[in-house]
Amino acid sequence: MQSIFEWHDFGHLIIISLEATLQYPAQLLLLLSDSLSYPDIATHYMNMKKHAPEISILIVGAIGYLIDLGLHPIAADESIYTTISRQMVTEGYWLIPHLPNHPAIVDGVIFLEKPPLVFWFQAVSMAIFGPSLVAARFPSVLASLVLAVVVYRMGRSLYSERVGIASGFVFLVVPAVYWHSHAGRTATTDIFLLLFGALFVWLLWEGRSRPRLVVWAGVAGGLAVMSKQVAAVQFLLVALPLLAVYRNEYSLPALGKGIAAGLIVIVPWNLYAYLSFPDLYLNQMIIEQVLSRGSGSSTLINMYFLRRWPYYIGPFLLPASIGIASVAVTAYRERASVKAHAGLLLVWWLVVPIALFSLVTSTTLIHYLLPTAVPIALLSGLAAVRVTALFERVISERWRETYISSDVYTILGALITLALFAVYPAHQAIRASGMS
């Protein structure tokens, strides 16, 4: 864990960089004027300013996620996945994953319980950086940072620039993503499932008016399946109301191309694995990973997820609840508006994983609810902006006209996020192992 002084230095560096980029363009123009023409400088500055929130989210996220990345102990699933990835690099088992001499695997050496996409990412990282735990975890960090930017863009698209900024930073510090196992700092499959599943939903939303994006939504959906197979179905359930409500706005040819694109991503490896080892494929991928994890309980609902989910999300349950209240008010006042539908989609997204796994499985694997982190971040970002707007209105009425710009929002978001990284307890894996 970094000291407060070191984290302060990081925060100081970030705010100086942001101020230089956002607040002092004249100085930048003077520094660059000897080598570039004025139009080039102006264009360069405007491009930097336009992408300042995304750059800030990436820098702050990299600081929080990369520090001490290799220090928390390796979890059981990480041990399996990193061994498989190392086998790809050292033995060349790129198409059919191998896991020799592991008691947790059905039928011995061949591993077909998960598709190989995440193993490929980890193996490429190991080939570049060497076969270390940090190298295995690095793709998960990249996926988390990219997903934080996706959340920012979703918030900006659904609501406003400020909602996007707040949501992107919130996503980085949601405990389910930053602190728990099977998330953004561990070599597991779940963060990739969430990344591609979120892209699938968002691209479908944008595809209402831009049919070409529906094809890319199909690709993203296929990559979600290739990350964790049948678990990706939850994102299709999330998208069903969207497809139903806006059915007249989608182009049927575009939907057909999207389905075809998804199948092109999914079918080749699954067909190859099945034809190569039909019994193992059915036993591991279908029976072991799907049927054996179905609900075998005598009760209709597995209450574990309902009980544990508030702890999994942590303190962001409160701002998300404020965001849900705001969505309810908007839905009541503007029933037919796109903004109302956007908010209801987020609430539905929040409900689907909890309801699905409470009904269909008897397991107690809380990371199954990681997909709720995206709507939690967006609803919390919406709440932050609503509270900010109330503050601005009160100050404007009692003192003077006040508005917190997106630039200031970015700087505040960066500093608050760095502060939360600094005060976070040791990673869950360290606490569970008794290490400090």
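Located above this text is the structure these notes cover.
Here's what I pulled together on the structure shown here. Residue indices begin from 1 for each chain and proceed along its sequence in written order. The predicted nature of this model means local features are confined to residues of pLDDT at least 70 and side-chain atom pairs, given and counted, to a pLDDT of 80 or more, with totals for whole chains, interfaces and linings taken over all residues. Side-chain metrics rest on all non-hydrogen atoms present in the structure, leaving aside hydrogens and water.

Moving on: the overall build of the protein chain. When you go through the protein chain residue by residue, the secondary structure sums to 20 helices and zero strands. The cut-offs for exposure are 20% and 50% of the maximum accessible area for each residue type, with area from a 1.4 Å probe on protein chains only; residues under the lower value are buried, those over the upper are exposed, and the others partly exposed. Residue burial in the protein chain is summarised as follows: out of 436 residues, 49% are buried. The long-range share in the protein chain, meaning contacts at least 24 apart out of those at least 6 apart in sequence, stands at 79%. Residue exposure ignores everything except the shown protein chains as possible cover, and the areas themselves are Shrake-Rupley values with a 1.4 Å probe. Roughly 20200 Å² of accessible area belongs to the protein chain as shown, and the carbon and sulfur atoms make up 67% of that amount. Put simply, DSSP marks the helices as runs of H or I at least four residues long and the strands as runs of E at least two long, and each gets a number from the N terminus on. Here, residues are in contact when the closest pair of their heavy atoms is within 4.5 Å.

By nonpolar core we mean a set of buried residues, namely Ala, Val, Leu, Ile, Met, Phe, Trp, Tyr and Cys, connected to one another through side-chain atoms within 4.5 Å. Leu 147, Phe 171, Val 174, Trp 349 and Val 374 are the most contacted members of the largest nonpolar core, which totals 106 residues. Looking at this core, the element that brings in the most residues is helix α10 (residues 190-206), giving 14 residues. Discounting chain neighbours no more than four positions away, the residues touching Val 174 are Trp 179, Ile 313, Phe 316, Ala 373, Ile 376 and Tyr 424. Ile 80, Ile 84, Phe 119 and Ala 123 belong to the second-largest nonpolar core, a separate cluster that totals eight residues.

Further remarks concern the side chain of Glu 78. With respect to the element layout, Glu 78 can be found in helix α5 (residues 76-91). Polar side-chain contacts of Glu 78 include one of 2.7 Å to the side chain of Arg 137. Once residues lying within four places of it in the same chain are set aside, the contact partners of Glu 78 are Pro 73, Leu 133, Arg 137, Thr 186, Ala 187 and Thr 188. Side-chain atoms alone can form a polar contact between residues adjacent in sequence; in general such a contact is a pair of N or O atoms within 3.5 Å, and within protein one must be able to donate a hydrogen while the other accepts it.

Axis angle and axis distance: for two packed helices, these are the angle between their axes and the distance between the axes, and together they describe the pair. All axes are obtained by fitting lines to C-alpha atoms, using only the stretch in contact for helices, and the reported angles, taken between N-to-C directions, cover 0 to 180 degrees. Viewed as axis vectors pointing N to C, helix α7 (residues 133-158) and helix α18 (residues 373-398) meet at an angle of 50 degrees, and their least axial separation amounts to 10 Å. As the angle between them shows, α7 and α18 are arranged oblique. The hand of the α7/α18 crossing is right-handed. Residues Leu 147, Val 151, Met 154 and Gly 155 of α7 pack against Val 374, Ala 377 and Leu 378 of α18. Each residue gets one of three labels, nonpolar for Ala, Val, Leu, Ile, Met, Phe, Trp, Tyr, Cys and Pro, charged for Asp, Glu, Lys and Arg, and polar for the others, Gly among them. Split by residue class, the contact of α7 with α18 holds six nonpolar, one polar and no charged. With respect to orientation, any angle under 35 degrees is reported as roughly parallel, any angle over 145 as roughly antiparallel, any angle of 65 to 115 as roughly perpendicular, and every other angle as oblique. A crossing counts as left-handed when the near helix is turned anticlockwise from the far one by less than a right angle, and as right-handed when that turn is clockwise.

As a further point, take the packing of aromatic side chains. Each Phe, Tyr or Trp ring, with Trp reduced to its six-membered ring, pairs with another whose centre is within 6.5 Å; inter-plane angles below 30 degrees give stacked pairs, above 60 give edge-to-face pairs, and intermediate values give tilted ones. Counting across every chain of the model gives 15 aromatic pairs. When the centroid spacing of 5.1 Å and the interplanar angle of 65 degrees are considered together, the rings of Tyr 65 and Tyr 178 count as edge-to-face. With Tyr 65 in helix α4 (residues 52-66) and Tyr 178 in helix α9 (residues 175-178), this residue pair connects regions lying 113 residues apart in the sequence. This pair shows no difference in class: Tyr 65 is buried, exactly as Tyr 178 is. Judged by centre distance (5.3 Å) and plane angle (25 degrees), the ring pair of Phe 121 and Phe 192 falls under stacked.

This paragraph deals with the environment of Gln 229. Tracing the backbone through its elements, the reader meets Gln 229 in the loop between α11 (212-228) and α12 (233-245). Taking the C-alpha atoms as reference points, Gln 229 and Val 290, 61 residues apart in sequence, are found 9.6 Å from one another. The contacts of Gln 229, once residues within four sequence positions are left out, are Pro 115, Ala 224, Asn 270, Tyr 281 and Met 285. Among the polar contacts listed, one links the side chain of Gln 229 to the side chain of Tyr 281, at a separation of 3.5 Å.

Let's shift gears to unusual backbone geometry. Within the chain, Asp 68 stands out as a residue other than glycine whose phi angle is a positive 60 degrees. Relative to the helices and strands, Asp 68 resides in the loop between α4 and α5. With a phi angle near 60 degrees, His 182 is a residue other than glycine that sits in the positive phi range. Relative to the helices and strands, His 182 resides in the loop between α9 and α10. Under the relative-accessibility criterion, His 182 is labelled buried at 10%.

Let us look at the environment of Asn 283. Positionally, Asn 283 belongs in helix α14 (residues 278-288). Take Asn 283: its relative accessible area is 24%, and that puts it in the partly exposed class. Residues Asn 283 and Leu 112, 171 residues apart in the sequence, show an inter-C-alpha distance of 8.8 Å.

As a further point, take helix α16 (residues 317-333). Residue pairs spaced three or four apart in an α-helix point in one direction, given the helix's 3.6 residues per turn. End to end, α16 covers 24 Å across 17 residues, agreeing with the expected 24 Å (1.5 Å per residue, within 8%). When α16 is considered as a whole, its buried residues turn out to be Ala 320, Gly 323, Ser 326, Val 327, Thr 330 and Ala 331. Along α16, the residues classed as buried sweep out an arc of 135 degrees about the axis, all on the same side. Relative to its buried face, α16 has exposed residues pointing more than 90 degrees away, namely Leu 318, Tyr 332 and Arg 333. Those residues of α16 that are buried are in contact with α17 (338-360) and α18. Multiplying 1.5 Å by the helix residue count minus one yields the expected span of that helix. The directions considered for the arc run from the helix axis to the C-beta atoms.

Here we take up the packing of α7 against α10. At their nearest, the axes of α7 and α10 sit 9 Å apart, and the two run at 25 degrees to each other. The pairing of α7 with α10 is recorded here as roughly parallel in orientation. At the point where α7 passes α10, the crossing takes the left-handed sense. Residues Pro 139, Ser 140, Ala 143, Ser 144, Val 146, Leu 147, Val 150, Arg 153, Met 154, Ser 157 and Leu 158 of α7 pack against Ile 191, Phe 192, Leu 194, Leu 195, Ala 198, Leu 199, Trp 202, Trp 205 and Glu 206 of α10. For the contact of α7 with α10, the residue count by class is 15 nonpolar, three polar and two charged.

Glancing now at the pattern of salt bridges. In what follows, salt bridge is the name for a side-chain nitrogen of Lys or Arg lying within 4 Å of a carboxyl oxygen of Asp or Glu. Within this structure, the stated rule accounts for four salt bridges. Here Glu 54 ties to Arg 153 by a salt bridge, and the two come within 2.6 Å at their closest N and O atoms. Separated by 99 residues along the polypeptide, Glu 54 in helix α4 and Arg 153 in helix α7 bring together distant segments of the chain. Given a relative accessible area of 31%, Arg 153 falls into the partly exposed group. A salt bridge links Asp 190 to Lys 228; the shortest N-O distance between them is 2.6 Å. Here Asp 190, found in helix α10, pairs with Lys 228, found in helix α11; they are 38 residues apart in sequence, far enough to count as distant. By the burial criterion, Asp 190 is buried, and Lys 228 matches it.

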